[in-house]
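Now for the letters of each chain:
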Amino acid sequence: MTRVRSTTKTYAAPAIEKAFQIIDMLSHYPQGALVKEMAAHLGRSVGELFRMVVVLEQSGYLRRSATTDRYTVTYKLLDLAFRATPARHLVRSATPAMRRLVEEVGQSCHLVVPNGAHGLVVAREENPGTRGFALRLGAPIDMIQSCSGQVILAFSPPDVTDHLLREAGQVRGEPVDRAALEARWARIREQGFDQRKSPVTFGVTDVSFPVFAFDRELMGALTVPFMELIDGSQRMNLEAVADRLRETAAAISVELGCTE
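Residues numbered from 1 in each chain as written. Predicted model: local features only at pLDDT ≥ 70, side-chain atom pairs only at ≥ 80, totals over all residues. Heavy atoms only, no water.

> Report on the pattern of salt bridges, specifying residues and quantitative values.
Tallying each qualifying case throughout the model produces 13 salt bridges. A salt bridge links K18 to E48; its shortest N-O distance comes to 4.0 Å. Note that K18 is positioned in helix α1 (residues 14-26) and E48 in helix α3 (residues 46-58), a separation of 30 residues in sequence. Look at K18 and you get buried, because its relative accessible area is 15%. For E48, a relative accessible area of 31% translates into the label partly exposed. Between E104 and R244 there is a salt bridge; the shortest N-O distance is 2.7 Å. Here the residue E104 occupies a position in helix α5 (residues 87-105), and R244 occupies one in helix α9 (residues 238-255), the gap between them amounting to 140 residues. Judged by its relative accessible area of 33%, E104 falls in the partly exposed class. Among the ionic contacts, a cluster of salt bridges with common partners joins K18, R44 and E48. (Salt bridge = Lys/Arg side-chain N within 4 Å of Asp/Glu carboxyl O. Helix = DSSP H or I, 4+ residues; strand = E, 2+ residues; numbered from the N terminus. Buried < 20%, exposed > 50% of the residue type's maximum accessible area, 1.4 Å probe, protein only.)

Below, the structure written as structure tokens:
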């Protein structure tokens, strides 16, 4: 039997590496970039990248603007991710319940799944009213600072939590206070959810509940960024919204096969 060694970088595939470097770089440039800008950013020549960019465009992964010649990443990668991971079934199961939730509580909600060093917003429903706060689809989520990330870390199996925490720590470039996090996770597990003031947006309190599948496998975190209006005219208060969010997360979990 042939043994495959994967503990170290044994093989090199320069073309593939360049393709992923281009896509990763463009993920930080939603307005797009010219080939010469990509080359400067990546420290490569225009000639080295040009054919690669054209092939990525012909394959449907990049799109070139007819007016500016700037390249942007298409939705093909997102479509592949949905079809190749459990996210597609999760989103299909969660969407009807999420729509009912936002219509009832008058707040937006989003669904976050673990994605290496970050969480990833795979579904969102906006407040149908005139005012609201919502995250965009595909937005990366800080696993350490965010409410959704803490719920994912708290309810994941220990080995998964360890892996996610290592990934997040490497991206942050600083040590993580594991003892403080463990204490917070214990509280989250005890109360069944997390709630905290948004670390980035004034007037928003994030509330997040876990979503499980069969055998209580954690699938993600369902979160409402509760926006409190100055005149108090929001449809429901924070406590009532949290109750409805709990019921919605439980209903989605049942839809996914969780019976506990």
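> How would you summarise the packing of helix α2 (residues 35-42) against α3 if you had to cite specific residues and measurements?
It is the contact of α2 with α3, at a shortest axis distance of 9 Å, that shows an interaxial angle of 120°. It follows that α2 is oblique to α3 by the angle criterion. Of the two elements, α2 crosses α3, and the hand of that crossing is right-handed. Here V35, K36, M38, A39 and L42 of α2 lie close against α3, whose contacting residues are V46, L49, F50 and V53. When grouped by side-chain class, the residues that make up the contact of α2 with α3 number eight nonpolar, no polar and one charged. (Axes fitted to C-alpha atoms, helices over the stretch in contact; angles between N-to-C directions. Parallel < 35°, antiparallel > 145°, perpendicular 65-115°, else oblique. Left-handed = near helix turned anticlockwise from the far one by under 90°. Contact = heavy atoms within 4.5 Å. Nonpolar A, V, L, I, M, F, W, Y, C, P; charged D, E, K, R; others polar.)

> Outline the packing of aromatic side chains, listing residues and values.
Under the defined criterion, the tally for this structure stands at two aromatic pairs. When the centroid spacing of 5.9 Å and the interplanar angle of 80° are considered together, the rings of F155 and F212 count as edge-to-face. Of this pair, F155 sits in helix α6 (residues 147-155) while F212 is found in strand β7 (residues 204-212), placing the two residues 57 residues apart along the sequence. Just as F155 is buried, F212 falls in that class too. Centroid distance F193 to F209: 4.8 Å. Interplanar angle 15°. Geometry classified as stacked. Here the residue F193 occupies a position in the loop between α8 (178-191) and β6 (194-197), and F209 occupies one in strand β7, the gap between them amounting to 16 residues. Neither residue differs from the other here; F193 and F209 are each classed as buried. (Phe/Tyr/Trp six-rings, centres within 6.5 Å; stacked < 30°, edge-to-face > 60°.)

> So what's going on with the side chain of S146? Residues and values would help.
In this structure, S146 sits in the loop between β5 (140-142) and α6. Polar contacts involving the side chain of S146 include one to the main-chain amide nitrogen of G149, which spans 2.9 Å. Not counting the four nearest positions on each side in its chain, S146 is found in contact with I141 and R196. (Polar contact = N/O pair within 3.5 Å; in protein donor to acceptor, adjacent residues only side chain to side chain.)

> Now, about the packing of helix α7 (residues 158-172) against α8: what can you tell me, with residues and values included?
Where α7 meets α8, the closest approach of the two axes is 13 Å, and the angle between their N-to-C directions is 135°. Between α7 and α8, the interaxial angle falls into the category oblique. Two packed elements cross with a definite hand, and for α7 against α8 that hand is right-handed. Here T161, D162 and L165 of α7 come into contact with α8, specifically with R178, L181 and W185. Classifying every residue of the contact of α7 with α8 gives three nonpolar, one polar and two charged.

> Can you break down the pairing of β7 residue by residue, with the values?
Most of β7 is tucked away: nine of the nine residues are buried. Residues of β7 alternate between two faces, with V204, D206, S208, P210 and F212 on one and T205, V207, F209 and V211 on the opposite face, all of them buried. Both β6 and β7 contribute to a ladder of four bridges, which runs antiparallel. Note that in β7 the partner of D194 across the bridge is S208. For β7 and strand β8 (residues 218-227), the ladder comprises nine bridges, and the chain directions are antiparallel. Within β8, the residue paired with F209 across the bridge is L222. (Pairing = 2+ DSSP bridges.)

> Quick one: what's the story with the pairing of β8, residue by residue and with numbers?
Walk down a regular strand and you will see the side chains alternate between the two sheet faces. A large share of β8 lies buried, amounting to 10 of its 10 residues. Of the strand pairs in this sheet, strand β3 (residues 109-115) and β8 are connected by three bridges, and their pairing is antiparallel. Residue pairing in the sheet places V112 in a bridge with A221 of β8. Between β7 and β8, which pair antiparallel one after the other, the connecting turn spans five residues, and D215 there sits at a positive phi close to 60°.

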